[in-house]
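# Structure assessment
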Amino acid sequence: MNQHADFCINNVNIATMRSTTQAENDPYGIRENACIFIKNGLIEAIEPAKGRLRSTVETFDAKGKWLLPGLIDCHTHLVFAGNRALEFELRQEGMSYAQIAQQGGGIQSTVNATRLASYESLLNSAIGRAARLVEEGVTTIEIKSGYGLDVETELRMLQVAKDIESHLMVNIQPTYLGAHSVPNEFRDDPDAYVDFVCGRVMPQVVEQGIATSVDVFCESIAFSPIQCEKVFHTARHYSLNIKAHVEQLSDLKGACLAAKFNALSVDHIEYLSPEDVPAIAKSNTVAVLLPGAFYHLRETQLPPLTALRQHHVPLALASDLNPGSSPVASLLTIMNMGCILFGMTPAEALSGVTRNAAQALGLAQKGQISSGFDADMCLWDIQHPNELSYGINQIRPTRAWVSGRER
């Protein structure tokens, strides 16, 4: 027994979510009747459960509960002002998402509200949304900017995102999404706006160190592949990770473009052609599926799950929490949606919000319970890990740790 650990959890069943050659036979990486040791915020060792512990190590008896990696929401837009309930009503009356955007609604309406919002109001509302995710066992959240589309508001959004860590025990990964939509002041010259993103805003994002990745919205109502490629080149110049909203409404081959730049992830991908999946697999890019937007927009085009599986592309799931197309602040609900709407298995769904979600953010030490990994963990009073995908709003973790600290 390790006498130097900070604490241990005994009599616990563990879904390690490790990626092994035995994954098909044991996709959860289950270790039953175990004892796990934590030191300096990291997982030090997993051993068989102990009988009677006589040690100076602080010990918690889990009494057969299940320990899982902390959940990771790898795609959100949760810093914003206002809401788009009126647009929801318009869609229910027959208008499409694209039509609303073309008439000045959509992202632009949130941009208008967010530009007027103070730091304090943005932070308070963002904390509330993040707290809904945290209470479900989420320990890491990616948060994108993209509702400012100017220098001041984009930087303010990214700072708000990072400052959530001072109010909630959660890891925040900020992403600069300047190429989200063309703002009104650049409506007649989108290329000039791309130059603005690359030449004016991104250098300041890098200087302030408030984003780890750069994202784009490659779509007919947003930016062309040529424009996105310029953003990618600039991101690469600054050694920023690349992510991309692609093939959500049409097939512009944005996923192939992102794969050429070894993007961490390609997100949405409902219209991704199965013929393009090998390019995604070759770059080791994660496919992030967003069933909340699929559900909320009443889409019918399913992502090419069969091809993604055949080529062993890692599948992640995320809430896409945003005011317009996925006002869903529940990653557990998203897991159920991934199973029901996209035909994922519960094991795929859990991998999608742990191990594969960590890969989609470039976080090599998160998403698994294994020696040397961050001790981001949640304890669940369940009979099996498949329960996380099975029901809706029935369970919450009984305890949670972030970097070994209990919250």
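Residues numbered from 1 in each chain as written. Predicted model: local features only at pLDDT ≥ 70, side-chain atom pairs only at ≥ 80, totals over all residues. Heavy atoms only, no water.

- The protein chain has the name Imidazolonepropionase in an unreviewed UniProt entry, where Paraglaciecola mesophila KMM 241 is given as its organism.
- Per UniProt, the protein chain carries the Sequence similarities (unreviewed entry) text "Belongs to the metallo-dependent hydrolases superfamily. HutI family."
- Here is the UniProt Subcellular location (unreviewed entry) comment for the protein chain, exactly as written: "Cytoplasm". (UniProt positions renumbered as here; feature names shortened; annotations may be inferred.)

### Describing the side chain of Lys-144
- Tracing the backbone through its elements, the reader meets Lys-144 in strand β7 (residues 138-144).
- A distance of 2.6 Å separates a polar atom in the side chain of Lys-144 from a polar atom in the side chain of Glu-142.
- A distance of 2.7 Å separates a polar atom in the side chain of Lys-144 from a polar atom in the side chain of Asp-215.
- Residue contacts for Lys-144: discarding those within four places in its chain leaves His-75, Thr-76, His-77, Met-157, Thr-175, Leu-177, Asp-215, Lys-243 and His-245. (Helix = DSSP H or I, 4+ residues; strand = E, 2+ residues; numbered from the N terminus. Polar contact = N/O pair within 3.5 Å; in protein donor to acceptor, adjacent residues only side chain to side chain. Contact = heavy atoms within 4.5 Å.)

### Some points on the sheet that holds strand β9 (residues 213-218)
- Here eight strands make up an open sheet; going across it, the order is β6-β7-β8-β9-β10-β11-β12-β13 and the pairing parallel. For this open sheet the edge positions go to β6 (71-73) and β13 (315-317), each flanked by a neighbour on one side alone. Averaged over all adjacent pairs, the angle separating strand axes in this sheet is 25 degrees, with direction ignored.
- Bridging between strand β8 (residues 171-179) and β9 involves three bridges; their strand directions are parallel. Across the sheet, Tyr-176 pairs through a bridge with Val-214, a residue of β9.
- Those strands touched by helix α6 (residues 190-208) are β8 and β9, and its axis lies near 150 degrees from that of β8. (Pairing = 2+ DSSP bridges. Axes fitted to C-alpha atoms, helices over the stretch in contact; angles between N-to-C directions.)

### Quick word on the domain arrangement of the protein chain
- Domain boundaries in the protein chain define domain 1 (7-70 + 368-406) and domain 2 (71-361).
- On the domain 2 side, the residues contacting the 26 residues of domain 1 number 22 residues.
- Taken together, the two surfaces of domain 1 and domain 2 that pack against each other cover about 2000 Å², and 63% of this comes from carbon and sulfur.
- The tally of links from domain 1 across to domain 2 stands at one salt bridge.
- For Glu-136, the salt bridge goes to Arg-396, with nearest N and O atoms at 4.0 Å.
- At the surface where domain 1 touches domain 2, the tally comes to six residue pairs in polar contact (both at pLDDT 80 or more).
- Among the elements that make up the side of domain 1 that touches domain 2, the one with the highest residue count is helix α15 (residues 387-390) (three residues). (Domains from an automatic or database assignment. Buried area = accessible area lost by both parts, 1.4 Å probe. Salt bridge = Lys/Arg side-chain N within 4 Å of Asp/Glu carboxyl O.)

### Some words on the UniProt feature "binding site: N-formimidoyl-L-glutamate" (unreviewed entry) in the protein chain
- Within the UniProt annotation, "binding site: N-formimidoyl-L-glutamate" (unreviewed entry) is assigned to Tyr-147, Asn-322 and Gly-324. For the annotated residues, spread through 178 residues, the largest C-alpha to C-alpha distance comes to 11.5 Å, consistent with a single compact locus.
- Following the sequence through the fold, Tyr-147 ends up in the loop between β7 and α5 (151-163).
- A relative accessible area of 2% places Tyr-147 in the buried class.
- Looking at where Gly-324 falls in the secondary structure, it is placed in the loop between β13 and α12 (331-342).
- With residues up to four places along the chain from it excluded, the contact list for Gly-324 reads Arg-84, Arg-91 and His-296. (Buried < 20%, exposed > 50% of the residue type's maximum accessible area, 1.4 Å probe, protein only.)

### Thoughts on the confidence of the model for the protein chain
- On average, residues of the protein chain score 95 in pLDDT, and 98% of them reach the 70 mark or higher.
- When mean pLDDT is taken per element in the protein chain, β6 scores highest with 99 and helix α2 (residues 97-102) scores lowest with 78. (pLDDT = per-residue confidence, 0-100.)

### Considerations on the packing of aromatic side chains
- Per the stated rule, a full pass over the model turns up eight aromatic pairs.
- Where Phe-7 meets Trp-401, the ring centres are 6.2 Å apart and the plane angle is 20 degrees; that geometry is what we call stacked. A residue pair is termed long-range when its members are at least 10 positions apart, and Phe-7 in strand β1 (residues 7-15) and Trp-401 in strand β15 (residues 399-402) qualify at 394 residues. The same class applies to Phe-7 and to Trp-401, which are both buried.
- Ring centres of Phe-186 and Phe-196 lie 5.5 Å apart, and the angle between their planes is 35 degrees; this geometry places the pair in the tilted category. Of this pair, Phe-186 sits in the loop between β8 and α6 while Phe-196 sits in helix α6, and the two are 10 residues apart along the sequence. (Phe/Tyr/Trp six-rings, centres within 6.5 Å; stacked < 30°, edge-to-face > 60°.)

### Observations concerning the state of the cysteines
- What the rule picks out here adds up to zero disulfides.
- Here Cys-339 stays free of any disulfide, with the sulfur of Cys-74 as its closest cysteine sulfur at 15 Å.
- Free cysteine Cys-378: the closest other cysteine sulfur is in Cys-74, separated by 16 Å. (Disulfide = S-S within 2.5 Å.)

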